[in-house]
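Observations on the model geometry
Letter by letter, the chains look like this.
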Amino acid sequence: MGGSPLRILVVGAGIAGLAVARALRMAGFRPDVTEKLPPGELSETGLYLPGNAARALRRLDLDGPVRPLGEVIHRQRFLDSTGAPLCEVDLDALWAGVGECRALLRGELHRVLLTGAGGAVRHG
Ligand SMILES: Cc1cc2nc3c(=O)[nH]c(=O)nc-3n(C[C@H](O)[C@H](O)[C@H](O)COP(=O)(O)OP(=O)(O)OC[C@H]3O[C@@H](n4cnc5c(N)ncnc54)[C@H](O)[C@@H]3O)c2cc1C
């Protein structure tokens, strides 16, 4: 049966909203994305993505654009407040078969997600 195409509104253009918009586009929909904040400067703070984030980006077909960004993190070292080592984690072993762990700028991930979501977000 015919009918008007399904209209979908994604509210919030953070990591979750843009990822959902990307997944919907991959499924053949053209969602509208709205964000209450005005367009801002992309954040220069750092973001650590564990292996399951790499797996999610793969499923969104966005692993390619993220791969050149930031650094792959192989080991994580935990220290107490005096700097004494508490433990060390071999991230390659922990996330083997899932994905690489990566540190990058939050703004860089946002740019990739924004492009993947189709680019158009209604701000304000
Ligand atoms: C200091 C800090 C460091 C962090 N570091 C890491 C890290 O290293 N690694 C990691 O994996 N996670 C980290 N996190 C967590 C991570 O940032 C969040 O889990 C993630 O950003 C959540 O994304 P989100 O899209 O669900 O929510 P948000 O990023 O909060 O996005 C929601 C969006 O919706 C908009 N919105 C809300 N209400 C409305 C409305 N009514 N209409 C329109 N728009 C609306 C908001 O303005 C916002 O832009 C960190 C968090 C903080 C605070």
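Our structure's up above, just so we're on the same page.
All right, on to the site of the ligand then. Near the ligand the following residues occur: Val11, Gly12, Gly14, Ile15, Ala16, Thr34, Glu35, Lys36, Leu37, Leu47, Tyr48 and Arg106. With respect to the ligand, the backbone of Tyr48 contributes an N or O atom lying 2.8 Å from a nitrogen atom. When the ligand sits alone it has 1000 Å² of accessible area, and the protein chains cover 42% of it. Of all the secondary-structure elements, those providing two or more residues to the shell around the ligand are helix H1 (15-26), strand S2 (32-35) and strand S3 (46-49). Of the residues assigned to the shell around the ligand, the class counts are six nonpolar, three polar and three charged.

Moving on, we come to the state of the cysteines. Linking two cysteines covalently via their sulfur atoms produces the bond known as a disulfide. Per the stated rule, a full pass over the model turns up zero disulfides. With no disulfide of its own, Cys87 lies closest to Cys101 among cysteine sulfurs, the gap being 14 Å. On the basis of relative accessibility, which here comes to 2%, the residue Cys101 falls in the buried class.

Time to look at the sheet that holds S3. Read across the open sheet, the three strands follow the order S3-S7-S4; overall the sheet is antiparallel. Of all strands in the sheet, those bounded by a partner on one side alone are S3 and strand S4 (71-73). Recorded for the sheet is a direction-independent mean angle of 30 degrees between the axes of neighbouring strands. As paired elements, S3 and strand S7 (residues 101-105) share four bridges and run antiparallel to each other. Following the sheet pairing, Tyr48 is matched in S7 by Ala103.

What the three strands build is an open sheet, ordered S1-S2-S8; its pairing is parallel. Whereas interior strands pair on both sides, the edge strands pair on one side only; in this sheet they are strand S1 (9-11) and strand S8 (122-123). Alignment of S1 against S2, held across three bridges, turns out to be parallel. For Val11, the partnering residue across the bridge sits in S2 and is Thr34. Packed onto the sheet, H1 meets S1 and S2 and runs at close to 160 degrees relative to S1.

About the criteria used
- Residues numbered from 1 in each chain as written.
- Predicted model: local features only at pLDDT ≥ 70, side-chain atom pairs only at ≥ 80, totals over all residues.
- Heavy atoms only, no water.
- Near = heavy atom within 4 Å.
- Polar contact = N/O pair within 3.5 Å; in protein donor to acceptor, adjacent residues only side chain to side chain.
- Areas by Shrake-Rupley, 256 points an atom, 1.4 Å probe, with all protein chains shown as cover.
- Helix = DSSP H or I, 4+ residues; strand = E, 2+ residues; numbered from the N terminus.
- Nonpolar A, V, L, I, M, F, W, Y, C, P; charged D, E, K, R; others polar.
- Disulfide = S-S within 2.5 Å.
- Buried < 20%, exposed > 50% of the residue type's maximum accessible area, 1.4 Å probe, protein only.
- Pairing = 2+ DSSP bridges.
- Axes fitted to C-alpha atoms, helices over the stretch in contact; angles between N-to-C directions.
- Contact = heavy atoms within 4.5 Å.

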